[in-house]
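The chain contents come next:
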Amino acid sequence: MRTKILTALFFSALLAGCASGVKLDEVPVEDRSATSAGANVQAQPIGSAAQTSVSNVISEKSSNGIGPVGVEHVVFFDYDSFVVRADARPVIENHARFLQANKQRKANLEGHTDERGGREYNLALGQKRAEAVRQALALLGVSDAQLEAVSYGKEKPAAQGSAETDLAKNRRVEIRY
């Protein structure tokens, strides 16, 4: 009897230690205009001179005809978060322009996590990351019919290893056409 109680307490403590404060039932839309160092970042309006040439993004396609030229296809996230960071804004805006100019094109938003956490939690977190990018694109006018959000959780890491730099590369959404 005592062994059963101790075993139950052990597993309860183990599960409580794996819990996270991140709620996975809502996708927040936040404007995080400050970098991690706390400096303010000025938001660039769509069409500003500081961005990639709009005509190149819209009219040209990559050599294999898959997506916009010269535009990053990965949005990175902070640990245990699905809030789109301010540094991802230009990537999302460029893909939004491309998709609006090419209404027949569709994009898969593939959510990924690092190796920490359980399989089910990471699948849910990856899905919320993909949905957050989907919502950001939709707010910029991309049709919902052009977007599909899926999660791979921790199953397809971009980098092997457990150093923070490797883990940071795995917390991402890949935009694939």
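Look up: the structure comes first, before these words.
Residues numbered from 1 in each chain as written. Predicted model: local features only at pLDDT ≥ 70, side-chain atom pairs only at ≥ 80, totals over all residues. Heavy atoms only, no water.

As a further point, take the overall build of the chain. Scanning the chain from N- to C-terminus turns up 5 helices and 4 strands. Taken from the N to the C terminus, the helices and strands of the chain come in the order α-α-β-α-β-α-β-α-β. Among the 177 residues that make up the chain, the fraction classed as buried is 34%. When contacts within the chain are restricted to residue pairs at least 6 apart in sequence, those whose partners lie at least 24 apart make up 74%. Carbon and sulfur atoms provide 55% of the accessible area of the chain, an area that totals close to 10200 Å². (Helix = DSSP H or I, 4+ residues; strand = E, 2+ residues; numbered from the N terminus. Buried < 20%, exposed > 50% of the residue type's maximum accessible area, 1.4 Å probe, protein only. Contact = heavy atoms within 4.5 Å. Areas by Shrake-Rupley, 256 points an atom, 1.4 Å probe, with all protein chains shown as cover.)

Turning our eyes to something else, we now look at the pairing of strand 3 (residues 147-153). The two faces of a sheet get side chains in turn, since along a regular strand they alternate between them. The two faces of strand 3 differ: Leu147, Ala149, Ser151 and Gly153 on one face are buried, but Glu148, Val150 and Tyr152 on the other face are not. Direction of pairing for strand 2 (residues 107-112) relative to strand 3: parallel, over a ladder of 6 bridges. Bridge assignment links His112 to a residue of strand 3, and that residue is Gly153. The handedness of the strand 2 to strand 3 crossover, carried by helix 4 (residues 119-139), is right-handed. (Pairing = 2+ DSSP bridges. Right-handed = clockwise from strand over helix to strand, strands pointing away.)

Tallied over the full model, the rule gives 12 salt bridges. Among the ionic pairs, Glu174 bridges to Arg176, the shortest N-O distance being 2.3 Å. Note on Arg176: relative accessible area 42%, which makes it partly exposed. A cluster of three or more residues bridged by salt bridges with shared partners is formed by Glu110, Arg172, Glu174 and Arg176. (Salt bridge = Lys/Arg side-chain N within 4 Å of Asp/Glu carboxyl O.)

Examined against the element boundaries, Leu139 turns out to sit in helix 4. With relative accessibility at 59%, the residue Leu139 sits in the exposed group. Remark: the alpha-carbon pair of Leu139 and Ala96, spanning 43 residues in sequence, is separated by 9.3 Å.

Spatial strand order, 1-4-2-3: 4 strands in an open sheet with mixed pairing. If you trace the sheet from one side to the other, it starts and ends with strand 1 (74-76) and strand 3, each paired once. Here the average twist between neighbouring strands, direction ignored, is 20 degrees. Each of strand 1, strand 2, strand 3 and strand 4 (172-176) touches helix 3 (residues 89-101); the most contacted strand, strand 1, lies at about 145 degrees to it. Running at roughly 155 degrees to strand 3, helix 4 makes contact with strand 1, strand 2, strand 3 and strand 4 of the sheet. (Axes fitted to C-alpha atoms, helices over the stretch in contact; angles between N-to-C directions.)

Turning next to the packing of aromatic side chains. With the rule as written, the count across this model stands at 1 aromatic pair. Taken together, a centroid distance of 5.2 Å and an interplanar angle of 80 degrees make the contact between Phe98 and Tyr177 edge-to-face. Of this pair, Phe98 sits in helix 3 while Tyr177 sits in the segment after strand 4, placing them 79 residues apart in sequence. (Phe/Tyr/Trp six-rings, centres within 6.5 Å; stacked < 30°, edge-to-face > 60°.)

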